[in-house]
Amino acid sequence: MKPMKPVSAERLPELLRRMPKAELHMHIEGSLEPELMFALAQRNGLTVPYPDVAALRRAYVFNNLQEFLDVYHAGTLVLRVEQDFYDMAWAYLQRAALDNVLHTEIFFDTQTHTGHGLSADVVINGLHRACADAQAQLGLSASLILCFLRHLSEAEAFEALEQALPLRDKLVGVGLASSEQGHPPEKFAKVFARARGLGFRLVAHAGEEGPPAYIWSALDVLKVERIDHGVQALRDPALVARLVHDGIPLTVCPLSNLKLRVFPSLTEHNLGRMLEAGLVATVNSDDPAYFGGYINENFTQTFAALGLTAQHAYQLAHNSFAASFIDASASRAFQDRLAEVFEKFD
Ligand code: ADE
Ligand code: ZN
């Protein structure tokens, strides 16, 4: 990475906001803001079990991943028809464009919704229509990654994969999300092998709360191309060496880690140490409606807490395009736009 002219601490947040970036770890159900949740509930003749938006937001206090997942799954009950999925995704995509996100790879799951009696097509078609409109109307490229829920069985993941196959062209990859502890990646060895055979790109959450061993098995058993979170990797020097050697990207989500108490404060977050170790880290928002901020908020708060610099910003944004599933020429074109913004910034 070429050296860069220094940017003052006062100007750095503006550079972080303005810099082109890709978002690679954002669960669309986690972008459902309380205002839209209430509006969808009303449209569908349902009730949210909180008196108003403010009361709902006040309930967003979590001690760990599981406490969050319980609230997050309850929030998805307002999603009933294709237009609901479209509206949720369109709201996120508009917000992402404002943060200068040029490309986003959106996580979603079908199992939560089929568990509520919806069909997988309703979910995928609604989300995909919003992605197509984002390209046409916002110039924002967006693709979809189907996450299996790891607290459920591998047989249920197979069912989710089979249901999605008629809509294969609307998806770029598969991932693994939900309760990590006690559900190691190898539980899903066969379904990932099948997805790989079908040409899906592969990612998995690993090393968020779970041990480095889960990152090893995500790589060696599932054969994923990126690790979602991966912040526990620094506990294992041999794993760090492997991740650096193979250039495996890690999609880090600092505000999520703070809200789910993976780190006691942002000043103790290990993003700076990850970059120093040579890891291909990126910054992402995970579940922005629940964790207090979209991608730019993750950048500005983390940079302020850790004293990171313009050089780190460039590296992280450059990594985000390199780590994405777009083709190499599109990635280079985005990286050229990134370089131009940095060159012109003063
Ligand atoms: N689903 C939504 N957000 C998640 C997270 N941070 N970890 C695991 N599964 C999730
Ligand atoms: Zn996640």
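Each value, and the rule that gives it
Within each chain, residue numbers correspond to sequence positions counted from 1 in written order. All chains are assigned letters beginning with A, and all ligands numbers beginning with 1, in the order in which they are written. This being a predicted model, a pLDDT of at least 70 is required before a residue's local features are given, and a value of 80 or more before pairs of side-chain atoms are given or counted; all residues contribute to the totals for chains, interfaces and linings. Calculation of side-chain values draws on the structure's entire complement of heavy atoms; hydrogens and water are dropped beforehand. Water is not among the atoms examined, so metal sites may look incomplete; donors are the N, O and S atoms within 2.8 Å of the metal, or within 3.2 Å for Na, K and Ca. Think of it this way: with four donors and all angles in the 85 to 135 degree range, the site is tetrahedral; with four or six donors, opposite ones beyond 155 degrees and the rest between 65 and 115, it is square planar or octahedral; otherwise it is irregular. Segments assigned H or I by DSSP are reported as helices when at least four residues long, segments assigned E as strands when at least two residues long, and all are numbered from the N terminus. Only protein chains enter the accessibility calculation, which uses a 1.4 Å probe; a residue whose area is less than 20% of its type maximum is buried, one above 50% is exposed, and one in between is partly exposed. Pairing between strands is defined by DSSP: at least two bridges between them are needed. For helices, the fitted axis covers only the stretch in contact; all axes are lines through C-alpha atoms, and the angles between them, taken along N-to-C directions, range from 0 to 180 degrees. The rule for a salt bridge is simple: a side-chain nitrogen of Lys or Arg has to be within 4 Å of a carboxyl oxygen of Asp or Glu.

**Examining the coordination of the zinc ion (ligand 2)**
Okay, so step 1: Here the zinc ion (ligand 2) is held by the protein donor atoms H25 (NE2), H27 (NE2), H205 (NE2) and D286 (OD), which lie 2.0 to 2.2 Å from it.
Okay, so step 2: Angles of 83 to 173 degrees at the metal separate the four donor atoms of the zinc ion (ligand 2), which places the site in the irregular class.
Okay, so step 3: In primary sequence terms, the donor set of the zinc ion (ligand 2) follows H-x1-H-x177-H-x80-D. Placement of H25 in strand 1 (residues 21–27) and of H205 in strand 5 (residues 201–206) is noted, with a sequence separation of 180 residues between them.
Okay, so step 4: Accessibility expressed as a relative area gives 0% for H25, which makes it buried.
Okay, so step 5: A relative accessible area of 5% means that H205 is categorised as buried.

**Topic: the sheet that holds strand 1**
Okay, so step 1: Judged by pairing direction, the sheet is parallel, and its eight strands sit side by side in the order 1-2-3-4-5-6-7-8 without closing on themselves. Only two strands of the sheet have a single neighbouring strand rather than two, namely strand 1 and strand 8 (280–283). Each neighbouring strand pair of the sheet contributes to a mean axis angle of 25 degrees, computed without reference to strand direction.
Okay, so step 2: Bridging between strand 4 (residues 173–177) and strand 5 involves two bridges; their strand directions are parallel. Its bridge partner being in strand 5, G173 is matched across the sheet by R201.

**Re the pattern of salt bridges**
Okay, so step 1: Applying the stated criterion across every chain, the model contains 14 salt bridges.
Okay, so step 2: Taking the shortest distance from any N to any O, the salt bridge between D220 and R242 comes out at 2.9 Å. Residue D220 is located in helix 10 (residues 212–222), and its partner R242 is located in helix 11 (residues 237–246); the two are separated by 22 residues in the primary sequence.
Okay, so step 3: Residue D220 is classed as partly exposed on the basis of its relative accessible area of 40%.
Okay, so step 4: As a salt-bridge pair, R242 and D246 come within 2.8 Å of each other at their nearest N and O atoms. Taken together, the residues R242 and D246, both in helix 11 and four residues apart, mark about one turn of the helix.
Okay, so step 5: On the basis of relative accessible area, R242 is assigned to the partly exposed category, the value being 23%.
Okay, so step 6: Residues participating in the shared-partner salt-bridge network are E14, R17 and R18.

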